[in-house]
Amino acid sequence: MTDFDAHRIHELEQRVALVESKLEAITAAMNINFTVQPAAVDPLTAELHDLVAQGKTMEAIKRLREATGLGLADAKAQIDAMS
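Residues numbered from 1 in each chain as written. Predicted model: local features only at pLDDT ≥ 70, side-chain atom pairs only at ≥ 80, totals over all residues. Heavy atoms only, no water.

A. Layout of the overall build of the protein. Secondary structure assignment for the protein yields four helices and zero strands. For a compact globule of 83 residues, the expected C-alpha radius of gyration is about 12 Å, and the protein comes in at 16 Å, more than 25% above that figure. Judged by the C-alpha coordinates and their principal axes, the protein covers about 50 × 25 × 20 Å. The 83 residues of the protein split such that 17% are buried. Considering only contacts within the protein whose residues lie at least 6 apart along the sequence, 34% involve residues at least 24 apart. Here the protein displays about 6,100 Å² of accessible surface, and carbon together with sulfur accounts for 59% of that area. Within the protein, the 13 negative side-chain charges are centred at a point lying 3 Å from the centre of the 8 positive side-chain charges. (Helix = DSSP H or I, 4+ residues; strand = E, 2+ residues; numbered from the N terminus. Rg over C-alpha atoms; globule rule 2.2 N^0.38 Å. Buried < 20%, exposed > 50% of the residue type's maximum accessible area, 1.4 Å probe, protein only. Contact = heavy atoms within 4.5 Å. Areas by Shrake-Rupley, 256 points an atom, 1.4 Å probe, with all protein chains shown as cover. Lys, Arg positive; Asp, Glu negative; His and termini not counted. Charge placed at Lys NZ, Arg CZ, Asp CG, Glu CD.)

Take a look at the structure:
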């Protein structure tokens with residue numbers, strides 16, 4: 001995954017969250033009972049987010065490389081996009 005890909009995924013995740021927020025507001029205003037279900041997160045992604053939140057960026061990069069075989073630059077770009 002390139003830096004551009006990781007950045008684009010992050011942008012798309014933010015846009016989806018905004019759309020979901022607006023959808024919830026619209027359905028609430030129309031008295032429609034609707035809630036957005038949280039997206040399923042795979043265990044590796046959850047682990048990486050936890051490591052990044054704890055300030056363990058280097059450990060997250062190492063874990064991602066071990067799990068996926070990504071090179072250092074691609075793994076770093078993907079982890080940087082999480083923060």
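Continuing now.
B. Expanded view of helix α2 (residues 43-53). Where α2 is concerned, the buried positions are Leu48, Leu51 and Val52. Around the axis of α2, the buried residues are gathered within 100° of arc, so they sit on the same side. Away from the buried face of α2 by more than 90 degrees, exposed residues Pro43 and Ala53 are located. Residue aspartate 42 occupies the N-cap position of α2, its side-chain oxygen lying 3.2 Å from the main-chain nitrogen of leucine 44. Where α2 terminates, the next one or two residues include glycine 55, which has phi positive at roughly 80°. (Arc of directions from axis to C-beta. Polar contact = N/O pair within 3.5 Å; in protein donor to acceptor, adjacent residues only side chain to side chain.)

C. Summary view of the environment of threonine 57. Along the polypeptide, threonine 57 turns up in helix α3 (residues 57-68). Residues contacting threonine 57, with those up to four places away along its chain left out, are Leu51 and Ile79.

D. How the structure looks around the nonpolar core. Listed in full, the nine residues of the largest apolar core are Leu48, Leu51, Val52, Ala60, Ile61, Leu64, Leu70, Ala75 and Ile79. Of all elements in the fold, only α2, α3 and α4 (72-82) reach the threshold of two or more residues within this core. (Core = buried A, V, L, I, M, F, W, Y, C linked by side-chain atoms within 4.5 Å.)

E. Here's a closer look at the pattern of salt bridges. Tallied over the full model, the rule gives three salt bridges. A salt bridge links glutamate 11 to arginine 8; the shortest N-O distance between them is 3.2 Å. Separated by three residues within a single helix, glutamate 11 and arginine 8 lie in helix α1 (residues 3-29), roughly one turn from each other. Accessibility expressed as a relative area gives 28% for glutamate 11, which makes it partly exposed. Given a relative accessible area of 33%, arginine 8 falls into the partly exposed group. For aspartate 80, the salt bridge goes to lysine 76, with nearest N and O atoms at 2.6 Å. Taken together, the positions of aspartate 80 and lysine 76, both in helix α4 and four residues apart, correspond to about one turn of that helix. Since its relative accessible area comes to 35%, aspartate 80 is described here as partly exposed. (Salt bridge = Lys/Arg side-chain N within 4 Å of Asp/Glu carboxyl O.)

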